[in-house]
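What follows is the residue order along each chain.
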Amino acid sequence: MVFTLARRPNRAPVRAWNTTCIFLRVFLNVERSHTVPYRQSLRMATAIAVLSLLPPAKMHAQETFLRHDIDIGFAGAHALQSHDLDNDGDLDIIGAGLTVDAISWWENDPINGLTWTPHTVSDTFNGARFVDAADLDGDGDLDLFGAAASDDLVSWWENTSGDASAWTQHPVDIDFDFAMHLHAADLDADGDLDLMGAALKGDAIHWWENTDGDGSVWTEHIIDEAFDGARHVCSVDLDGDGDLDLLGSAYIADDVKWWENTAGDATTWELHTVDEDFDGVNVVMPVDIDGDNDVDLLGAADVADDIVVWFNEEGDGLTWERVSIAENFDGAFSIMPADMDGDGDTDVLGAATEANQMVWWENKNGLGNSWDDHIIDEEFDSPMVINVADLDADGDLDVIGGSFGGEIVWWETDPPALPVELVSFDAVVNRGEVVLRWETASELNNAGFELQHKPGPRGQQAEAQWGIMGFVKGAGTDNTRRKYQRVLSDLQPGNHRFRLKQIDFDGAFDYSPVVEVVLAASGKQTMSSLYPNPFNPAAKFYLTLASQQEVNIEVYNALGQRVTQLFRGVLEANQVHTFDFEASGLPGGLYLINATGQNFSTTQRAMYLK
C-alpha cells in the first residue's frame, strides 16, 4: 500500500555493483570534539575485480519506493548485508547491533521479502560494529566474520550445518584495539580467503593470513599502526598491476590512503596518499564512476557533510582529482554505488544521520561531474546503513536501511498501484490538545489508519520508538473525498511527531509523511527527563516555568562535584525551553542535572555510556 503524497517518483534501479570492499560506520566516542559515526555498506565479493556488473534487470520508466519493516528492536543497527545465508535461493539479511551486542540474520521467507524470521548468531559480541559473510573454511557454504569494538575482538562463525541453523565461533584476534571494520579477500594470492581490518584506537591496519586455508590458523601481519583513527579498509587493484592493494580511511586524521602491494604477495607495502583533508571520513570505496575502466574512489564524511568522488587521473593511483557530489548532506554516513536508473553508468546512494535522509544521486552524463538527487525517504531517523539487493526477486534492486534506534527496513521499488490517495495530513494545537487532520481523494481496500506518535525533536541519535495512539477505520473502497480527524489529549509539553500507518485488509501497509508540533506549557513548572537516556555523547531536556524568573542549571558527577554550568539567566513563563547536555569531554558514568530557580529546585539523572 502506498500513499500518493508520501512518495516521490524516481526511476528504478536496474543493476547493482558487487564490490570487493566492505564498509562500516559507527557511533562511537573518540579523542575528538564530536561523536564518530561509522558504518557499513556492501555486498561481499571475493573476486579481485573492482566491480562486477550483475545481469540486466527489468527497466522502469518511473519509480517509487514502498517501505517495509523487517525489525524495530535491533538497537545500534550496523553493517547490513544481503546474502543467501541458508542456501534456499533467496536473499536474507545479516547485521551487527552495536547497542544489543549482537550478530543476527533475518530469513527471507517466503521469497517476496514480506515475512522475515530473526535468528541470533551471538548476543555477547560486545560493541558489535561489523559483520559480513564469506566462505572462510572453503567448504562451499557462507560463514560469518565480525568485529566487536568493546571486546577488541575479531571472530568468525563457522556455518557448521551449511544452512545457517548452527554456528561455531572461532577467534581470529583478541587484542585488536577497538576493532571497527573487516574485509575478506585473497590478499596473498594463495587461493584462500584472508581477513584484513581497521582498529580505531589502535590506529592500525592489519591483515590475517588464513594459513591452512580452512580458518583454523591465522597469522597476523601489520601494515600500518600510525593511521590515526583507522576506520575502514578494503582491497582493490588500484594501480592496475594485477594484485590486490589496500585502501583505507582514518577518521581522526581525515585521511584517505592506499598501500601498494609491491611484491604482489602481501609481504611488502608502499604507502600513497589520496586526500589528507576529508573531515571526519567514514568510508571510502572503489568504483569506476566515469566509465574509463580504471578505479576511482567514492567517499563519505560526516563532519564535512559531504559525499565526494576522487578520479584516478592516470589510472595508476598516483594522481587524484576530487569532485563533490553532495556538499551539504548533513551527517553523511553510508554510501553505496548502483545503477539506479538502468542507463549503464554508476549512480550513488547515501544515508545522512543528521538529516534523517536516504537519497540517491543520478550520474546524469555518466562522467561523474553532474548529479541530480532523488529522495528515497526523508523521515528515516538516524540512518546508519544503506545497501541494495533484489529482496523480492522481481528483477529490480530494492533499498535496505538500518537506523541507530533499531529499525531494519527495506524499500520496495516498483510497488503495486497506489490505492490510497492522501490529499493532506497536518497537526494543529488547540487548547493544549493536538488535532490530527487528514483527507483522502480515494481509497481501495483500506482497513484504516493507525495513529503513531514519537516524542522529542528530530535528529536525536537514539530516539524513542514510534508508539500507537489509536486506530481510525478506513472507508474500504471509495472514490469520493473523505476527511478524518482525531483529537489527542494528555500529551506532555515539548516536541511531538505524528504519522499515519495506512493498513490494507490484507495486512499490507505504508506510512504517511511525518508532521510535528510543539506543545507549550500552561501554568505548570516541569523539568523533563533527558532523552535519550542512557546517551552518548549528547542528550536533551526541556524546562517550563509557571512564572518568569532567573534559573541556574548545573551538572554534577556521582561524587557531587560540579562539572559544568549549562545555563544561567532569565527564562520566560509558559514556554518550552530546550537544553543540550554535551558530554563528549567527560568520562562515562552517572550525572545529575540540577535546575534551580527563585521558587523551585529539581534534579534529573543522566547515564553517559562512553
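Residues numbered from 1 in each chain as written. Predicted model: local features only at pLDDT ≥ 70, side-chain atom pairs only at ≥ 80, totals over all residues. Heavy atoms only, no water.

**Examining the nonpolar core**
Core analysis: the largest hydrophobic core is formed by 35 residues, its most contacted members being Ile103, Leu144 and Phe145. Per-element accounting of this core gives the leading share, five residues, to strand β10 (residues 128-134). (Core = buried A, V, L, I, M, F, W, Y, C linked by side-chain atoms within 4.5 Å. Buried < 20%, exposed > 50% of the residue type's maximum accessible area, 1.4 Å probe, protein only. Helix = DSSP H or I, 4+ residues; strand = E, 2+ residues; numbered from the N terminus.)

**Overview of a negative patch on the surface**
A cluster of acidic residues, Asp175, Asp177, Glu220 and Glu225, forms a negative patch on the protein surface. By relative accessible area, which is 33% here, aspartate 177 ends up partly exposed. (Patch = residues over 30% accessible without salt bridge, like charges linked within 9 Å, V, L, I, M, F, W, Y side chains within 5 Å. Areas by Shrake-Rupley, 256 points an atom, 1.4 Å probe, with all protein chains shown as cover. Salt bridge = Lys/Arg side-chain N within 4 Å of Asp/Glu carboxyl O. Lys, Arg positive; Asp, Glu negative; His and termini not counted. Charge placed at Lys NZ, Arg CZ, Asp CG, Glu CD.)

**Things to note about the sheet that holds β10**
Read from one edge of the open sheet, four strands run β10-β11-β12-β13, paired in antiparallel fashion. Edge strands, defined here as strands with exactly one partner in the open sheet, are β10 and β13 (167-173). Strand-to-strand, the axes of this sheet are offset by a mean angle of 20 degrees, without reference to chain direction. Alignment of β10 against strand β11 (residues 143-148), held across six bridges, turns out to be antiparallel. Residue pairing for β11: aspartate 132 is matched across the bridge by phenylalanine 145. (Pairing = 2+ DSSP bridges. Axes fitted to C-alpha atoms, helices over the stretch in contact; angles between N-to-C directions.)

**Some points on the confidence of the model for the chain**
Across the chain, the average pLDDT comes to 86, with 87% of residues at 70 or higher. In this model, residues 4-62 is a region of pLDDT below 50 whose contacts with residues beyond four sequence positions or in other chains number 279 contacts. (pLDDT = per-residue confidence, 0-100. Contact = heavy atoms within 4.5 Å.)

**Structural notes on the sheet that holds strand β9 (residues 116-122)**
The strand order across the open sheet built from four strands is β6-β7-β8-β9, with neighbouring strands paired in antiparallel fashion. One side of each edge strand has no neighbouring strand; the edge strands of this open sheet are β6 (77-83) and β9. This sheet shows a mean twist of 20 degrees between the axes of neighbouring strands, independent of strand direction. Two elements, strand β8 (residues 102-108) and β9, share six bridges in a ladder whose sense is antiparallel. Within the sheet, the bridge partner assigned to glutamate 107 lies in β9 and is threonine 117.

**Concerning the environment of methionine 285**
Summarising the element assignment, methionine 285 is placed in strand β22 (residues 281-287). Expressed as a C-alpha distance, the spacing of methionine 285 and alanine 300, which sit 15 residues apart in the sequence, is 9.3 Å.

**Focus: the packing of aromatic side chains**
Under the counting rule described, the total for this entry stands at 18 aromatic pairs. Centroid distance phenylalanine 176 to tryptophan 208: 4.9 Å. Interplanar angle 85 degrees. Geometry classified as edge-to-face. Of this pair, phenylalanine 176 sits in the loop between β13 and β14 (179-185) while tryptophan 208 sits in strand β16 (residues 204-210), and the two are 32 residues apart along the sequence. What makes phenylalanine 176 buried here is its relative accessible area of 2%. Taking 5.4 Å as the distance between ring centres and 5 degrees as the angle between the ring planes, the aromatic pair formed by tryptophan 438 and tyrosine 484 counts as stacked. Residue tryptophan 438 is found in strand β34 (residues 433-455), and its partner tyrosine 484 is found in strand β36 (residues 482-488); the two are separated by 46 residues along the sequence. Since its relative accessible area comes to 2%, tryptophan 438 is described here as buried. Three or more aromatic residues link up through ring pairs in this structure, and these residues are Phe425, Trp438, Phe449 and Tyr484. The lysine or arginine in question, arginine 499, covers the ring of tyrosine 511, its NZ or CZ lying 3.9 Å from the ring centre. (Phe/Tyr/Trp six-rings, centres within 6.5 Å; stacked < 30°, edge-to-face > 60°. Lys NZ or Arg CZ within 6 Å of the ring centre and 35° of its normal.)

**Focus on the pairing of strand β42 (residues 549-557)**
For β42, the tally of buried residues reaches seven of nine residues, placing the bulk of the element in the interior. Pairing of β42 with strand β43 (residues 562-571), which is carried by eight bridges, proceeds in the antiparallel orientation. The residue bridging glutamate 554 from the neighbouring strand is glutamine 565, located in β43. In sequence, β42 turns back onto β43 through a hairpin of four residues, with glycine 560 there showing a positive phi of about 85 degrees. Two elements, β42 and strand β45 (residues 589-596), share six bridges in a ladder whose sense is antiparallel. Paired with glutamate 554 across the two strands is asparagine 594, which belongs to β45.

**Re the environment of leucine 391**
Note on placement: leucine 391 falls in the loop between β30 (383-389) and β31 (398-403). Judged by relative accessible area, which is 1%, leucine 391 ranks as buried. Each C-alpha atom, one on leucine 391 and one on isoleucine 93, is 9.1 Å from the other, the two residues being 298 residues apart in sequence. In this structure leucine 391 touches Ser82, Leu91, Ile93, Asn108, Ile111, Asn112, Gly113, Trp116, Asp398, Ile400 and Trp410, once residues within four positions along its chain are discounted.

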